[in-house]
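As a plain string of letters, each chain reads:
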Amino acid sequence: MPYKRITLTHFLLQEQRRLGGSGAFTSLMNDILTACKMVSHEVNRGALVGNHGVAGTVNVQDEEQKPLDVLANDIFLHMNALGGNYAAMASEELEDVHAVKGSADGKYLLLFDPLDGSSNIDVNISVGSIFSILRLPEGADPNSANAFLQPGVQQVCAGYALYGSSTMLVLTTGNGVNGFTLDRDVGMFFLTHPNMTIPADTKEFAINASRARFWEAPVKRYVDECLAGKEGPRGKDFNMRWVASMVAEVHRILIRGGIFMYPADVENIKKGGKLRLMYEANPMSFIVEQAGGASTTGRQRLMEVPPTNLHQRVPVILGSKNEVERLEAYHREVGE
Ligand code: AHM
Ligand code: MG
């Protein structure tokens, strides 16, 4: 019965009772989900209110910003400052840490990518928001990037909102992964996907194949073996997908398995990789591991990578455990 579903707010209250928390966590999560509802609304209105096209500005990564990148960033900064739970925030769209005024008691740090995959906005393909929550270390200055430079294993919560054919919010607090769907008429997220798990095996891979000429040997070997299908060493046919929206790729993997790769290649390694460690790779890795999958750089468990910079880039290989481990083994074999 649809009306017997529980809301995300009730789910958070249950978690809070289980963990014996003070309520701060429920309150800060409520701010995030309000921000996601607002961004969802703006994504939906699209070209009707001038949300398509370019903003005419570039961000810290030297990428052209879309109006929705800027708007989603402003929404996240505003909504998440209201509750006074965060000591500071950091965003893909901002070079430096964003101080939260008047929240001397804030015990948490929020990192986010307000609109990931934004090259997809104008063509009406799914985009999403990604967030990661850390504790403010004892005695740390929240307005210094150093407070944020904690490895992914220290995240207390991570999640994403997917603005797809329906809007979903998927989240983990280190106790499994749960998915909630936005009922637009009611204005609330309802639990629709409890205990999401990633099958260990898969026949589906995702990689931007236009970069094949730059790939390292282990990645080339892995993809070649998938492409060889039934007649090749894997003895089975594989399917391929590439949405160019990491949120949509991770969501597909949570629903039906798969492996997603944005690995190091001879070109992108000059910058450390393509995807950003702190607000893309780490939160997605936390979710994937909590759903029984694996996440690696190819050479190291991703959530153990020591961060040195807020906007650090990192190679990412994540998804169905047996496939991720296979590709890790291919890296070890060539000693790379
Ligand atoms: P963005 O944060 O600028 O949107 O970039 C991240 C996105 C990911 O969502 C996606 O996996 C990747 O970039 C797509 O890259 P490519 O353009 O090489 O296909
Ligand atoms: Mg991004």
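Remember, predicted model here, so these are calculated numbers, not experimental data.

Rules used in this analysis
Residues numbered from 1 in each chain as written. Chains lettered and ligands numbered in written order. Predicted model: local features only at pLDDT ≥ 70, side-chain atom pairs only at ≥ 80, totals over all residues. Heavy atoms only, no water. Pairing = 2+ DSSP bridges. Helix = DSSP H or I, 4+ residues; strand = E, 2+ residues; numbered from the N terminus. Contact = heavy atoms within 4.5 Å. Axes fitted to C-alpha atoms, helices over the stretch in contact; angles between N-to-C directions. Phe/Tyr/Trp six-rings, centres within 6.5 Å; stacked < 30°, edge-to-face > 60°. Lys NZ or Arg CZ within 6 Å of the ring centre and 35° of its normal. Donors = N, O, S within 2.8 Å, 3.2 Å for Na, K, Ca; no water. Buried < 20%, exposed > 50% of the residue type's maximum accessible area, 1.4 Å probe, protein only.

**Student:** Can you tell me about the sheet that holds strand 10 (residues 239–240), naming the residues and giving the values?
**Tutor:** The 5 strands are arranged 10-9-11-15-13 in an open sheet whose pairing can be described as mixed. On the outer flanks of this sheet lie strand 10 and strand 13 (294–296), each paired with one strand and no other. Pairing of strand 9 (residues 204–206) with strand 10, which is carried by 2 bridges, proceeds in the parallel orientation. If you follow Glu204 over to strand 10, its bridge partner there is Asn239. Helix 7 (residues 321–333) rests against strand 11 (259–262), strand 13 and strand 15 (316–319) of the sheet, and its axis sits at about 150° to strand 15.

**Student:** How would you summarise the sheet that holds strand 4 (residues 127–135) if you had to cite specific residues and measurements?
**Tutor:** Read from one edge of the open sheet, 8 strands run 2-1-3-4-5-6-7-8, paired in mixed fashion. Strands at the two margins of the open sheet, each flanked by one partner only, are strand 2 (98–99) and strand 8 (188–193). With 2 bridges joining them, strand 1 (residues 86–91) and strand 2 adopt antiparallel strand pairing. Looking across to strand 2, one finds that Met89 is bridged to His98. Its contacts with the sheet put helix 5 (residues 246–256) on strand 3 (108–116), strand 4, strand 5 (157–163), strand 6 (167–172) and strand 8, and the angle it makes with strand 5 is roughly 105°.

**Student:** Describe the packing of aromatic side chains, and please don't skip the residues or the numbers.
**Tutor:** Using the criterion set out here, one finds 7 aromatic pairs in the structure. Aromatic ring contacts, followed pair by pair, group Trp242, Phe260 and Tyr262 into a single cluster. Lying across the ring of Tyr330, Arg221 places its NZ or CZ 3.6 Å from the centre.

**Student:** Hey, could you go over the coordination of the magnesium ion (ligand 2) for me, with residue numbers and the actual values?
**Tutor:** The coordination sphere of the magnesium ion (ligand 2), as far as protein atoms go, consists of Glu92 (OE), Asp113 (OD), Asp116 (OD) and Glu280 (OE), spread over 1.9 to 2.5 Å. In terms of primary sequence, the donors binding the magnesium ion (ligand 2) are separated according to E-x20-D-x2-D-x163-E. Of the two residues, Asp113 and Asp116, both sit in the buried class.

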